[in-house]
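# Summary of structural features
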Amino acid sequence: MRRSRVVALLAAGGFAVAGCSAPGPAEVTFYADGHTINTTPVLTCDYTQKLAQPCSAKGSTQTLKVRPGKPVQISVPGEVADSPWQIVYEYVTPQGEYKQSDPIPFTSLDRYAYTVMPPTPADRISAVDVQKYTAVLNADTGESGLLPSDVWGLRLEA
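It should be emphasised that the depicted structure is a prediction, and the values quoted were computed from it without experimental measurement. (Residues numbered from 1 in each chain as written. Predicted model: local features only at pLDDT ≥ 70, side-chain atom pairs only at ≥ 80, totals over all residues. Heavy atoms only, no water.)

## Here's the deal with the nonpolar core
Counting residues in hydrophobic clusters, the biggest one holds 25 residues, and the most contacted among them are Phe30, Val72, Ile74, Ile87, Val128, Val130 and Leu156. With four residues, strand E7 (residues 85-92) is the largest single contributor of residues to this core. The residues touching phenylalanine 30, leaving out its near neighbours within four places in the chain, are His35, Thr36, Ile37, Thr39, Leu64, Val72, Gln73, Ile74, Val128, Val130, Gly153 and Leu154. (Core = buried A, V, L, I, M, F, W, Y, C linked by side-chain atoms within 4.5 Å. Buried < 20%, exposed > 50% of the residue type's maximum accessible area, 1.4 Å probe, protein only. Helix = DSSP H or I, 4+ residues; strand = E, 2+ residues; numbered from the N terminus. Contact = heavy atoms within 4.5 Å.)

## Here we look at the confidence of the model for the protein
Summary statistics for the protein give a mean pLDDT of 86 and a share of 86% for residues scoring 70 or more. In this model, residues 1-19 is a region of pLDDT below 50 whose contacts with residues beyond four sequence positions or in other chains number zero contacts. (pLDDT = per-residue confidence, 0-100.)

## With respect to the environment of threonine 107
Among the structural elements, threonine 107 can be located in the loop between strand E9 (104-106) and strand E10 (113-116). For threonine 107, a relative accessible area of 61% corresponds to the exposed category. Sequence separation between threonine 107 and serine 83 is 24 residues, and the spatial gap between their C-alpha atoms is 7.1 Å.

## Considerations on the state of the cysteines
Per the stated rule, a full pass over the model turns up one disulfide. Through a disulfide, cysteine 45 is tied to cysteine 55; the S-S separation comes to 2.0 Å. Given an S-S torsion of about 105 degrees, the disulfide between cysteine 45 and cysteine 55 has right-handed geometry. Of the two residues, cysteine 45 is situated in strand E3 (residues 43-45) and cysteine 55 in strand E4 (residues 55-57); the sequence distance between them amounts to ten residues. Under the relative-accessibility criterion, cysteine 45 is labelled buried at 9%. (Disulfide = S-S within 2.5 Å.)

## Quick word on the sheet that holds strand E2 (residues 35-39)
If you trace the four strands from one edge of the open sheet to the other, you get E2-E1-E6-E10, paired in antiparallel fashion. Lying at the two open borders of the sheet, with one neighbouring strand each, are E2 and E10. Each strand axis lies, on average, 20 degrees off the axis of its neighbour in the sheet, ignoring direction. Where strand E1 (residues 28-32) lies against E2, five bridges are found, and the strand directions are antiparallel. In the sheet register, phenylalanine 30 faces E2, and the bridge partner there is isoleucine 37. (Pairing = 2+ DSSP bridges. Axes fitted to C-alpha atoms, helices over the stretch in contact; angles between N-to-C directions.)

## Side note on the packing of aromatic side chains
Summed over the entire model, instances satisfying the criterion amount to three aromatic pairs. Here tyrosine 89 and tyrosine 91 contribute two aromatic rings whose centre-to-centre distance is 6.1 Å and whose plane-to-plane angle is 40 degrees, an arrangement assigned as tilted. The burial state of tyrosine 89 is the same as that of tyrosine 91; both residues are buried. (Phe/Tyr/Trp six-rings, centres within 6.5 Å; stacked < 30°, edge-to-face > 60°.)

Written out as structure tokens, the structure reads:
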């Protein structure tokens, strides 16, 4: 009987520790042409320490298939929406020429979704990056600015 209590206490302790683990990285959801994928950051930057290279690659860029003219819908979690963030996308023209969009910034701190539309029905979106920004203060100069802290990437194939 004593042994079963010890086992029960150990099991309860294991569940308590498991419930206290740190949350994983924020996921951005992409939806294109009938398919959905959740992605974690492919690049993360930490500016709190003086590092020669504050950014590090974290994973691989996910891939979805999309036909020409189809949009890509993006949904971000509160962790991203509560910060300045932007979208940059690339598309392919019918002639096979790759072009990049101007950045599409969101600074209202309450935008959770956006739909990327190809410029024309014949163009195909080929890549989308979501970039979360953080305010950074340069202790040496006193200057501040926004720098990317996390980047989620999606590549799209025909």
